[in-house]
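# Structural description and commentary
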Amino acid sequence: MHTAIVKTLATLAVTALLGACATQNRDTSSTAAPAATSPSATAPAGNAPQTAKSRDGKFSGEITGSAGPNARFAKLEIGMTSREVQEVMDRAPDRTHSYESGKRWIPFYFGNDARRMQAFYKGEGCLIFTGGNVWGGGGEELIGITYDTAGACYQP
């Protein structure tokens, strides 16, 4: 009986590892979130998202559109913390909401992108931040910038 339990546990462990390995090469810029909330799905037509490396080069994010000449968004960089963004913007966002990314359901996923937070700045556009791991720790790194002065990017 002991051998049967060990074999069952080993099979479950291998299955979980294979599931985690199949998704391990994805970076934090993947669009695992529902299409209605991803920055590229709500961007104005003709503004394809472009991949940009974070300041430290550890991950990639997306930038959609282009900033106006005096826009504060032009000073933002992928990888900034939410505190750094608020210092650059000199104000809190007008609206925010958070949601689970698809990575929430990956077995043994310990990254900081199990949740995401979208922030809307009126007259500037939308930002997407990592929202932390499944236990609530980590997160608050900027992974998406959408320049959209009309505000169509914000989809709660």
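Our subject in this report is the structure included herewith. (Residues numbered from 1 in each chain as written. Predicted model: local features only at pLDDT ≥ 70, side-chain atom pairs only at ≥ 80, totals over all residues. Heavy atoms only, no water.)

### Digging into the pairing of strand β6 (residues 142–147)
Most of β6 is tucked away, with six of its six residues classed as buried. Alignment of strand β2 (residues 60–64) against β6, held across three bridges, turns out to be parallel. Looking at the pairing, isoleucine 63 lines up with isoleucine 145 of β6. Across five bridges, strand β5 (residues 125–132) lies against β6 in antiparallel orientation. Residue pairing across strands places leucine 127 opposite isoleucine 145, the latter belonging to β6. (Buried < 20%, exposed > 50% of the residue type's maximum accessible area, 1.4 Å probe, protein only. Helix = DSSP H or I, 4+ residues; strand = E, 2+ residues; numbered from the N terminus. Pairing = 2+ DSSP bridges.)

### Observations concerning the packing of aromatic side chains
Counted by the stated rule, this structure contains three aromatic pairs. Note on phenylalanine 120 and tyrosine 154: the rings are 5.7 Å apart at their centroids and 40° apart in plane angle, and the pair reads as tilted. Pair noted here: phenylalanine 120 is in strand β4 (residues 115–121) and tyrosine 154 is in the segment after β6, with a separation of 34 residues, a long-range link. Tyrosine 154 shares its class with phenylalanine 120; the two are buried. (Phe/Tyr/Trp six-rings, centres within 6.5 Å; stacked < 30°, edge-to-face > 60°.)

### Overview of the pairing of strand β1 (residues 50–53)
Across four bridges, β1 lies against β2 in antiparallel orientation. Paired with alanine 52 across the two strands is glycine 61, which belongs to β2. Hairpin connection, β1 to β2: the antiparallel pair is bridged by six residues, and glycine 57 has positive phi, about 75°.

### Details of the sheet that holds β4
Pairing between the strands of a sheet comes from backbone hydrogen bonds, and it takes one of two forms, parallel or antiparallel. The strand order β1-β2-β6-β5-β4-β3 describes an open sheet built from six strands, whose pairing is mixed. Of all the strands in the sheet, just β1 and β3 (95–100) have a single pairing partner and so form its edges. The average angle at which neighbouring strand axes cross in this sheet is 20°, direction not considered. (Axes fitted to C-alpha atoms, helices over the stretch in contact; angles between N-to-C directions.)

### Considerations on unusual backbone geometry
A positive phi angle is found at aspartate 90, which is not glycine, with a value near 60°. Judged by relative accessible area, which is 60%, aspartate 90 ranks as exposed.

Shape is all these values report; function is a separate question.
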